[in-house]
Amino acid sequence: MNMNEQMDHAEQNILHTYNRFPVVFDHGQGVRLYDTAGKEYLDFAAGIAVNALGYHYPGYDEALKAQIDKLTHISNLYYNEPIIRAGEKLVKASTMDKVFFTNSGTEAIEGALKAAKKYAYNRDGHAGHEIIAMEQSFHGRSIGALSVTGNAHYREPFEPLMGGVRFAAFNDLDSVKALVNEKTCAVIIETIQGEGGIYPATEEFLTGLRRLCDEKDIVLIFDEIQCGMGRSGEYFAWQNYGVRPDIMTSAKALGCGVPVGAFALNEKLGANSLAPGDHGTTYGGNPFVCAAVSAVFDIYERDNILEHVRETTPYLVRKLDELAQASPYVSARRGMGFMQGLVITGMKVGEVTKAALEKGLLVISAGSDVLRIVPPLVIRREDIDQMTEILRTILVP
Ligand SMILES: *Cc1c(COP(=O)(O)O)cnc(C)c1O
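Everything quoted here is computed from the prediction, not taken from an experiment.

Student: Can you tell me about the overall build of the protein, naming the residues and giving the values?
Tutor: Broken down by element type, the protein carries 14 helices and 17 strands. On C-alpha atoms alone, the protein measures out to a radius of gyration of 21 Å, which is about the 21 Å that the 2.2 N^0.38 rule sets for 397 residues. Projecting the C-alpha coordinates of the protein onto the three principal axes gives extents of approximately 60 × 50 × 45 Å. Per-residue burial over the protein gives 53% buried out of 397 residues. The contacts in the protein between residues at least 6 apart in sequence include a share of 71% that link residues at least 24 apart.

Written out as structure tokens, the structure is:
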């Protein structure tokens, strides 16, 4: 089958919930991918901010293969060594107190919301609490996660969703304060909004939220699913601001390619929310995915991945700013670390991503008009040069 036949074949069987790019990938190496026809692509999408170590990073495959030969699944009714190691490493990196491993980001959000509700239930002796979420946010596609996702288009067909959710404007503390009442149990935000268009939180906003939540005993939840695991230059983006949440969620790059997420709780929530019987998962944190998580943390430490992001960010930012200056189609750049967005005007962002694909570069969109740059964290300056050269051929007439 040639690539077109393969794509037709896929559409015959796979539910059409994605307008996929017209390419069938075969394998990757480093920060490059190869399609089934043998064409090479430079990857600045990383499987939507997942493949932080690119492909076949030294030590990663070996750790997974070794675990496959020992044990892939055993359920959470028993202990296993990989979850013991992964739990310790995630607690250390996040400076939180307790973690729960899930199969996805969405499930990490579900767990975080349940933990916040249970905390308020324990405190007040009754249920019926409310949650404040942000406009233009994205937290996942399940009914619970969708309920706190600030995108009416995603939500509408599935209403009624979980009740008791109000939406405030991101980076606008007063709009959050205006929604707080005696039922409010949690505020949930992405530390850097991803799908909504790459909007980092302001320091003022995070500091203000922390103070507000402390005053009212409201659980502050930071969704670090996309911006976490080193993309900002720290393990978790909130660590750049020094504002610690009560609960944080992780996924995407947590396993660098295996389906795993987690929510992590501070001491207060760890001790006063979910208890035996309140929450569970069959697969979540199984030995296979936890071997990946553990290997990822080992590799980050061994090869100073966070330092590489911090050292290389100024170069990436400079090259993107130069491109923005030179292009009539780029009106702004924003972001933090290796999570950057270029605001595209006068051209559809979908045209840019499509043209880039044809020229051997993977980039994706965010929101309606933002070109999202979320490469593997192991890219080098030469890769940044190649990326901006390709984008120049599209965005600079
Ligand atoms: C991707 C994402 C999710 C959902 O994660 P899944 O693994 O797709 O379930 C939630 N929150 C944020 C910020 C995300 O970027």
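Student: Tell me about the pattern of salt bridges, and name the residues and values.
Tutor: Enumeration according to the criterion identifies 19 salt bridges in this entry. We note a salt bridge from D246 to R210, for which the minimum N-O separation is 3.0 Å. Of this pair, D246 sits in the loop between β10 (219–223) and β11 (247–250) while R210 sits in helix α9 (residues 203–216), and the two are 36 residues apart along the sequence. Under the relative-accessibility criterion, R210 is labelled buried at 13%. Residue E322 is joined to R318 by a salt bridge in which the shortest nitrogen-to-oxygen separation is 3.3 Å. Pair noted here: E322 and R318 are both in helix α12 (residues 305–326), with a separation of 4 residues, about one helical turn. Judged by relative accessible area, E322 falls into the partly exposed class, the value being 33%. With relative accessibility at 44%, the residue R318 sits in the partly exposed group.

Student: Residue-level account of the pairing of strand β1 (residues 25–29), with values.
Tutor: Both β1 and strand β2 (residues 32–35) contribute to a ladder of 4 bridges, which runs antiparallel. Its bridge partner lying in β2, G28 is registered against L33. Adjacent in sequence and paired antiparallel, β1 and β2 are bridged by 2 residues, among which G30 carries a positive phi angle near 65°.

Student: Explain the sheet that holds β10 residue by residue, including any values.
Tutor: Overall, mixed pairing links the 7 strands, which are arranged β4-β12-β11-β10-β7-β5-β6 in an open sheet. The sheet is open, and its two borders are formed by β4 (98–102) and β6 (165–168), each paired with just one other strand. Ignoring strand direction, the axes of neighbouring strands in this sheet form an average angle of 20°. Note: strand β5 (residues 130–134) against β6, 4 bridges, orientation parallel. Paired with I132 across the strands is R166, a residue of β6. In the packing of helix α5 (residues 105–124) onto the sheet, contacts are made with β4, β5, β7 (184–190), β10, β11 and β12 (261–265), and the angle to β11 comes to roughly 165°.

Student: Before we move on, can you summarise the sheet that holds strand β16 (residues 364–366) with the specific residues and values?
Tutor: Read across the sheet, 4 strands follow the order β13-β14-β17-β16 without closing on themselves; strand pairing throughout is antiparallel. Two strands lie at the open edges of the sheet, namely β13 (330–336) and β16, each paired on one side alone. Taking the axes of each pair of neighbouring strands and ignoring which way they run, one obtains an average angle of 30° across the sheet. Here 3 bridges tie β16 to strand β17 (residues 370–373), and the two strands are oriented antiparallel to one another. Across the sheet, the residue bridging to S365 is L371, located in β17. Where α12 meets the sheet, it contacts β13, β14 (339–344) and β17, and its direction lies at approximately 0° from that of β14.

Student: For the side chain of D223, give the residues involved together with the corresponding values.
Tutor: Assignment of secondary structure puts D223 in strand β10. The side chain of D223 sits in the buried core without any salt bridge; K252 is the nearest counter-charge, 7.3 Å away. Only 3.0 Å separates the side chain of D223 from the side chain of T249, close enough to count as a polar contact.

Student: Can you break down the state of the cysteines residue by residue, with the values?
Tutor: Under the definition given, this model contains 0 disulfides. Unpaired in terms of disulfides, C227 finds its nearest cysteine sulfur in C256, a separation of 15 Å. The class of C227 is buried, set by a relative accessible area of 1%.

Student: Which residues make up the packing of helix α4 (residues 81–94) against helix α11 (residues 287–302), and what values do they have?
Tutor: Geometry of a packed helix pair, given as the angle between the helix axes and the separation of the axes. Two elements in contact, α4 and α11, have axes separated by 8 Å at closest approach and are oriented at 40°. By the criterion of interaxial angle, the relationship of α4 to α11 is oblique. The interaxial crossing formed by α4 with α11 has left-handed handedness. In this structure, α4 contributes P82, I83, R85, A86, K89, L90 and A93 to the contact, and α11 contributes P287, C290, A291, V293, S294, F297 and D298. Classifying every residue of the contact of α4 with α11 by side-chain character gives 10 nonpolar, 1 polar and 3 charged.

Student: Before we move on, can you summarise the pairing of β5 with the specific residues and values?
Tutor: On a regular strand, each side chain points to the face opposite its neighbour's, so the side chains alternate between the two faces of the sheet. β5 sits mainly inside the fold: 5 of its 5 residues count as buried. Alternating residues of β5 divide into E130, I132 and M134 and I131 and A133, and every residue in both groups is buried. Pairing of β5 with β7 involves 3 bridges; the strand directions are parallel. Looking across to β7, one finds that I131 is bridged to A186.

Student: Before we move on, can you summarise the nonpolar core with the specific residues and values?
Tutor: Ranked by size, the top nonpolar core spans 105 residues in total, and within it V187, Y300 and M387 carry the most contacts. Each of domain 1 (3–57 + 304–395) and domain 2 (71–302) contributes no fewer than three residues to this core. Beyond its immediate sequence surroundings of up to four residues, Y300 is in contact with A52, L53, M229, G230, Y235, A253, I305, L306 and L377. A112, L113, A120 and L265 belong to the second-largest nonpolar core, a separate cluster that totals 23 residues.

What counts and what doesn't
Residues numbered from 1 in each chain as written. Predicted model: local features only at pLDDT ≥ 70, side-chain atom pairs only at ≥ 80, totals over all residues. Heavy atoms only, no water. Helix = DSSP H or I, 4+ residues; strand = E, 2+ residues; numbered from the N terminus. Rg over C-alpha atoms; globule rule 2.2 N^0.38 Å. Buried < 20%, exposed > 50% of the residue type's maximum accessible area, 1.4 Å probe, protein only. Contact = heavy atoms within 4.5 Å. Salt bridge = Lys/Arg side-chain N within 4 Å of Asp/Glu carboxyl O. Pairing = 2+ DSSP bridges. Axes fitted to C-alpha atoms, helices over the stretch in contact; angles between N-to-C directions. Lys, Arg positive; Asp, Glu negative; His and termini not counted. Polar contact = N/O pair within 3.5 Å; in protein donor to acceptor, adjacent residues only side chain to side chain. Disulfide = S-S within 2.5 Å. Parallel < 35°, antiparallel > 145°, perpendicular 65-115°, else oblique. Left-handed = near helix turned anticlockwise from the far one by under 90°. Nonpolar A, V, L, I, M, F, W, Y, C, P; charged D, E, K, R; others polar. Core = buried A, V, L, I, M, F, W, Y, C linked by side-chain atoms within 4.5 Å. Domains from an automatic or database assignment.

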